[in-house]
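# Structure assessment
Each chain, written out:
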Number of protein chains: 2
Amino acid sequence: MARTALALVDSGGLESLTMRRLATALGVQLPALYRLFGSKQELLDEMAETILAGVSARKRPTDGAGWTERLAAIAHAIRACLLTQRDGARIVGGSFAAKRHAHTLTLADTLVETMLEAGFSAERALWPCTTVFSFILGESLEQQGSAHAGDESDIAARTVDHPHLSAAHFLDFDARFDFGLRVLLAGLRAELTEEP
Amino acid sequence: MARTALALVDSGGLESLTMRRLATALGVQLPALYRLFGSKQELLDEMAETILAGVSARKRPTDGAGWTERLAAIAHAIRACLLTQRDGARIVGGSFAAKRHAHTLTLADTLVETMLEAGFSAERALWPCTTVFSFILGESLEQQGSAHAGDESDIAARTVDHPHLSAAHFLDFDARFDFGLRVLLAGLRAELTEEP
DNA sequence: ACCTGAACACCGTTCAAGT
DNA sequence: ACCTGAACACCGTTCAAGT
């Protein structure tokens, strides 16, 4: 099952996830897994689905607030789900969104609905969602990648010839996320007032 | 060499890249590769570096224009480099940016310089860059992932229960990118006027 | 110093054979 | 129908031995 596989990734990283190890963790023989999933990629797709299933559970009850607050709440919830699971961004990023199942589509539907209420036309309401999602996924990929990339002094050493770069700013992932989300929300507001 | 490895990925996809196949493509025995790269991950890092090295070459000569035009030109160049190489987004996304070498850091330096000229303080000039880069990486990941995910009718079938979702909009990756980049630029402009 | 042959310790996937 | 033993065709990585 996908939850057992995610637990294996949590304890050993994505490269430690093996069909053989998953089989023993489930107390079953290796070929029996191929009755549950057609391939390892199908397993990974279902793991991505499981990770994103946590978004609606984690989302705060901000249904009374405006669309910016609701979108920000969903964005924070998506980020939290990706970051809570070890290698979560890599798992979700490696599984094409439109191939996934009910939970992901429900999340997308909720996002689009929020943008429709914000005032975007049906023709364009999907795009704010993919923009925000791509931003979150990219930032989370970088953040989880940095965990396996040596410490801050390594990075500082590499940036020594580049006067405009600062390792401290680079590694302040919370600030990066807050900045980017604020910019995206401001940009979406501008987009709405320009073409009402 | 990384360019040979990228050519292998171009013709067979990332999963077809094997140390053994790379060795024969280079006309060398398998263990000799480990004198050039310490591991396959180091090879992948250098491949990511090589992909991003194309950005400055591809960038149009817009140095006379304003910062929005320059940032947009670099964003388009990054996207083109990721999309031109098969599985380019997965390769770049799998290699932590701060671990990479001269080319990537030069690109980052150019981006930060552009944002400094736009008016961002040295404290914050890095964050617009990471925001834009994360957006481009996430969108490119989805776009290249969609190539291996069945055709449009498959996706349409899955979205049938979700009235707000449209496969046509989902798969219009150029429109998604243009929308997101425009929103980001508008948001950055707003950020500058709010805190001068 | 640099390269090779050969092996080690694994992989994902399949399938005839069992129950 | 469902599961297993055993194998197939590979992997990345290492290392003593060659030149």
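Residues numbered from 1 in each chain as written. Chains lettered and ligands numbered in written order. Predicted model: local features only at pLDDT ≥ 70, side-chain atom pairs only at ≥ 80, totals over all residues. Heavy atoms only, no water.

### Quick notes on the nonpolar core
Quick reminder of the rule: To form a nonpolar core, buried Ala, Val, Leu, Ile, Met, Phe, Trp, Tyr and Cys residues must be joined to one another through side-chain atoms within 4.5 Å. Buried, partly exposed and exposed residues are distinguished by accessible area as a fraction of the type maximum, computed with a 1.4 Å probe on protein chains only: under 20%, between the cut-offs, and over 50%, respectively. We call two residues contacting when some pair of their heavy atoms lies within 4.5 Å.
Judged by nonpolar contacts, the single largest core of 129 residues is most densely connected at Leu-17, Met-47 and Met-115 of chain A together with Leu-17, Met-47, Ile-78 and Met-115 of chain B. Residues in contact with Leu-17 of chain A, not counting those within four places in the same chain, are Ala-5, Leu-8, Val-9, Lys-40, Leu-43, Leu-44 and Met-47 of chain A.

### Concerning the interface of chain A and chain B
Condition: Accessible surface is computed with a 1.4 Å probe, and the buried area is the amount of it that two parts give up when combined, taken over both parts together. Only one rule defines a salt bridge in this text: a Lys or Arg side-chain nitrogen within 4 Å of an Asp or Glu carboxyl oxygen. N or O atoms closer than or at 3.5 Å make up a polar contact, with two conditions inside protein: a donor-capable atom paired with an acceptor-capable one, and, for residues adjacent in sequence, both atoms drawn from side chains. Secondary structure is summarised from DSSP: a helix means a run of H or I of at least four residues, a strand means a run of E of at least two, and numbering begins at the N terminus for each. Here the term charged refers only to Asp, Glu, Lys and Arg, the term nonpolar to Ala, Val, Leu, Ile, Met, Phe, Trp, Tyr, Cys and Pro, and the term polar to all other amino acids, Gly among them.
On the chain B side, the residues contacting the 57 residues of chain A number 57 residues. Approximately 5100 Å² of surface area, both sides summed, lies buried where chain A meets chain B, with 69% of it carried by carbon and sulfur atoms. Our count for the contact surface shared by chain A and chain B stands at two salt bridges. Linking Arg-182 of chain B and Glu-191 of chain A is a salt bridge whose minimum nitrogen-to-oxygen distance equals 2.3 Å. Between chain A and chain B we count 14 residue pairs in polar contact (both at pLDDT 80 or more) in total. When contributions to the side of chain A that touches chain B are tallied by element, the ones reaching two or more residues are α7 (102–118), α8 (126–146), α9 (152–158), α10 (167–170) and α11 (173–194) of chain A. Of the residues forming the side of chain A that touches chain B, the biggest block, 14 residues, is contributed by α8 of chain A. Taken together, the residues of the side of chain A that touches chain B break down into 30 nonpolar, 15 polar and 12 charged.

### Details of the relation of the copies chain A and chain B
So the rule is basically this: Least squares is the method for superposing the copies, and the C-alpha atoms it fits come from residues with pLDDT of at least 70 in both.
Relative to chain B, chain A is turned by 180° and slid 0.0 Å along the rotation axis, the superposed coordinates differing by an RMSD of 0.0 Å. In short, the pair behaves as if placed about a two-fold rotation axis. In this assembly, 100% of the residues forming the interface of chain A have copies in chain B that are likewise at the interface, indicating an isologous arrangement.

### Quick notes on the protein's contact with DNA strand D
What counts, and what does not: We call a residue near a given molecule or strand whenever any one of its heavy atoms falls within 4 Å of it.
Of all residues adjacent to DNA strand D, which total 16 residues, the nearest are Gln-29 and Pro-31 of chain A together with Arg-20, Tyr-34 and Lys-40 of chain B. Atoms of DNA strand D within 4 Å of the protein: sugar and phosphate make up 48%, bases the balance. Residue Arg-20 of chain B places a side-chain N or O atom 2.7 Å away from a base nitrogen belonging to DNA strand D. For DNA strand D, a phosphate oxygen lies 2.9 Å from a polar atom in the side chain of Tyr-34 of chain B. Counting residues per element, the surface near DNA strand D draws most heavily on helix α2 (residues 19–25) of chain B, at three residues.

### As for the UniProt feature "DNA-binding region" (unreviewed entry) in chain A
Selection rule: UniProt positions are given in the numbering used here, feature names are shortened, and annotations may be inferred rather than shown by experiment.
The UniProt record marks residues 18–37 of chain A with the feature "DNA-binding region" (unreviewed entry), using the residue numbering of this structure. Counting secondary structure, residues 18–37 of chain A comes out at 55% helix and 0% strand; the distance between its end C-alpha atoms is 13 Å.

### Brief notes about the protein's contact with DNA strand C
The full set close to DNA strand C counts 16 residues, and Arg-20, Tyr-34 and Lys-40 of chain A together with Gln-29 and Pro-31 of chain B are the nearest of them. Sugar and phosphate atoms constitute 47% of the interface atoms of DNA strand C, taking the interface as everything within 4 Å of the protein. Note that a base nitrogen of DNA strand C is positioned 2.6 Å from one of the side-chain N or O atoms of Arg-20 of chain A. Interatomic distance of 3.2 Å between a side-chain N/O atom of Gln-29 of chain B and a phosphate oxygen of DNA strand C. Here the surface near DNA strand C gets three residues from one element, more than from any other, and that element is helix α2 (residues 19–25) of chain A. Partitioned by chemical class, the residues of the surface near DNA strand C number eight nonpolar, three polar and five charged.

### Focus: the pattern of salt bridges
Residues and elements named next belong to chain A. Counting across every chain of the model gives 14 salt bridges over all chains. Its salt-bridge partner being Arg-90, residue Glu-15 comes within 3.0 Å of it at the nearest N-O pair. With Glu-15 in the loop between α1 (2–12) and α2 and Arg-90 in helix α6 (residues 88–93), this residue pair connects regions lying 75 residues apart in the sequence. On the accessibility criterion, Glu-15 (57% relative accessible area) is exposed. Arg-90 serves as the salt-bridge partner of Asp-87, at 3.3 Å between the closest nitrogen and oxygen. Residue classification places Asp-87 among the buried residues on the basis of a relative accessible area of 4%. A relative accessible area of 34% places Arg-90 in the partly exposed class. Taken together, the shared-partner salt bridges connect Glu-15, Asp-87 and Arg-90 into one network.

### What to know about unusual backbone geometry
Although it is not a glycine, Asp-87 of chain A adopts a positive phi angle of roughly 60°. Note on placement: Asp-87 of chain A falls in the loop between α5 (67–84) and α6.

### Things to note about the packing of aromatic side chains
Here is the rule we go by: A pair of aromatic rings is counted whenever rings of Phe, Tyr or Trp (Trp by its six-membered ring) have centres within 6.5 Å, and the orientation is called stacked for planes under 30 degrees apart, edge-to-face for over 60 and tilted otherwise. The criterion is that NZ of a Lys, or CZ of an Arg, lies within 6 Å of the ring centre and within 35 degrees of the ring normal, and then a charge sits over that ring.
Counted under the stated rule, the structure contains eight aromatic pairs over all chains. Note on Phe-120 of chain A and Phe-179 of chain B: the rings are 6.0 Å apart at their centroids and 65° apart in plane angle, and the pair reads as edge-to-face. Separated into two different chains, Phe-120 of chain A in the loop between α7 and α8 and Phe-179 of chain B in helix α11 (residues 173–194) make up a pair that spans both. Judged by relative accessible area, Phe-120 of chain A falls into the buried class, the value being 4%. Centre to centre, the rings of Phe-179 of chain A and Trp-127 of chain B are 6.1 Å apart; their planes meet at 55°, and the pair counts as tilted. Here Trp-127 of chain B lies in helix α8 (residues 126–146) and Phe-179 of chain A lies in helix α11, a pairing that spans two chains. There is no split in this pair, since Phe-179 of chain A and Trp-127 of chain B are both buried. Here the aromatic cluster, defined as three or more aromatic residues joined through ring pairs, consists of Phe-120 and Trp-127 of chain A together with Phe-179 of chain B. Just above the ring of Phe-177 of chain A sits the side chain of Arg-79 of chain A; from NZ or CZ to the centre is 4.5 Å.

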